[in-house]
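Report on the structure
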Amino acid sequence: MVKLANPLYTEWILEAIQKVKKQKQRPSEERICHAVCASHGLDKKTVSEQLELSVQDGSILKVTNKGLASYKDPDNPGRFSSVKPGTISKSVKGSRGACTELRNVDWNKLLRRAIEGLQEPNGSSLKNIEKYLRSQNDLASIFNNPAFQQRLRLGAKRAVNNGRLLKDGPQYRVNYGSLESKGAPKYSSTFPASLPPVSLLPHEKDQV
């Protein structure tokens, strides 16, 4: 059985990659380890191991240019034009191809579709969500991808972090409150009634 990276550690590593990129630096293993260690107190050896496992299961991309390895978020890979064919390391040729089809997947929509389709009153487990999605014929190209399960787990974690899903133990539910707030009008329908009485100006009183 292939050992997968810890989704939480993968999330921390992805955050570190974005942090390093914002500093206009190359997301190297050394910089990523330093960022994760500083932010979460994880030891360097663990970060390096989880980084490699994340690369193997397709959660993170590893590219090599001029002998230097860099790491990227598959959902936000940036430019690959500077990477010449054949410079991608052997260990990730398969993983990069595996996650190509998953790069533009809207995991929030898929998760919501599954949870609403299952209609479980107490929420749905990730296992049931995965089973439901695998039963959908139009998603065959997605769930047949070797990295599907890992990316689904990451998508669920991100959906909880950004408030789209609520998590109660192993159960996930759609947070309709967050969805409604985005499309809700800025003022309530009772707003006009709450206005104070309007006082007429002197010249308006004369007209009345």
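Heads up: the structure comes first, above all this text.
First things first, this report covers the structure right here in the doc. The residue count restarts for each chain, going from 1 along the sequence in the order it is written. For a predicted model such as this one, the threshold for reporting local features is a pLDDT of at least 70, and the threshold for listing and counting side-chain atom pairs is 80 or more; totals across whole chains, interfaces and linings nevertheless cover every residue. To obtain the side-chain values, all non-hydrogen atoms of the structure were included, while hydrogens and water were left out.

1. Here we look at the pattern of salt bridges
Charged atoms that come close allow side chains of opposite charge to pair. Criterion for a salt bridge: a side-chain nitrogen of Lys or Arg within 4 Å of a carboxyl oxygen of Asp or Glu. Scanning the entire structure with this criterion turns up six salt bridges. For Glu 11, the salt bridge is made with Arg 158, and the minimal N-O distance between the two is 3.6 Å. Here Glu 11 is found in helix H1 (residues 7–22), whereas its partner Arg 158 is found in helix H8 (residues 148–161), with 147 residues between them in sequence. According to the relative accessible area criterion, Glu 11 is buried, its value standing at 9%. The partner of Arg 134 in a salt bridge is Glu 130, with the nearest N and O atoms 2.9 Å apart. Highlighted residues: Arg 134 and Glu 130, both in helix H6 (residues 126–134), separated by four residues, approximately one helical turn. Burial classification: accessible surface area is computed with a 1.4 Å probe over protein chains only, and a residue below 20% of its type maximum counts as buried, one above 50% as exposed, and the rest as partly exposed. Among the residues examined, Glu 130 registers a relative accessible area of 13% and is labelled buried. Each of Glu 11, Asp 73 and Arg 158 takes part in salt bridges that share partners, so that together they form one network. Numbering goes from the N terminus for both helices and strands, where a helix is a DSSP run of H or I of at least four residues and a strand is a run of E of at least two.

2. Some details on the pairing of strand E1 (residues 61–65)
Of all five residues in E1, four are buried, a share of seventy percent or more. Once E1 ends, the chain turns through two residues before running back antiparallel as strand E2 (residues 68–72), passing Lys 66 with a positive phi of about 55°. For two strands to pair, DSSP has to find at least two bridges joining them.

3. Focus: helix H3 (residues 44–56)
Here, expected helix span is obtained from the residue count minus one, scaled by 1.5 Å. In this model, H3 (13 residues) spans 19 Å end to end at C-alpha, consistent with the 18 Å of a helix rising 1.5 Å per residue. Taken together, the buried positions of H3 are Thr 46, Val 47, Ser 48, Gln 50, Leu 51, Leu 53, Ser 54 and Val 55. Positive backbone phi, at 90°, marks Gly 58, one or two positions downstream of H3.

4. What about the environment of Val 105?
Looking at the secondary structure, you find Val 105 in the loop between helix H4 (90–100) and helix H5 (107–118). When the C-alpha atoms of Val 105 and Gly 155 are compared, they prove to be 9.7 Å apart, with 50 residues separating the residues in sequence. Those residues in contact with Val 105 that lie beyond four places of it in its chain are Leu 110 and Ile 142. Any two residues having at least one pair of non-hydrogen atoms within 4.5 Å are treated as being in contact.

5. Digging into H8
When the terminal C-alpha atoms of H8 are compared, their 20 Å separation across 14 residues agrees well with the 20 Å that a helix rising 1.5 Å per residue should span. Those residues of H8 not exposed but buried are Phe 148, Gln 150, Arg 151, Leu 152, Leu 154, Gly 155, Ala 156 and Ala 159. The positive-phi residue at the C-terminal boundary of H8 is Gly 163, with phi of around 85°.

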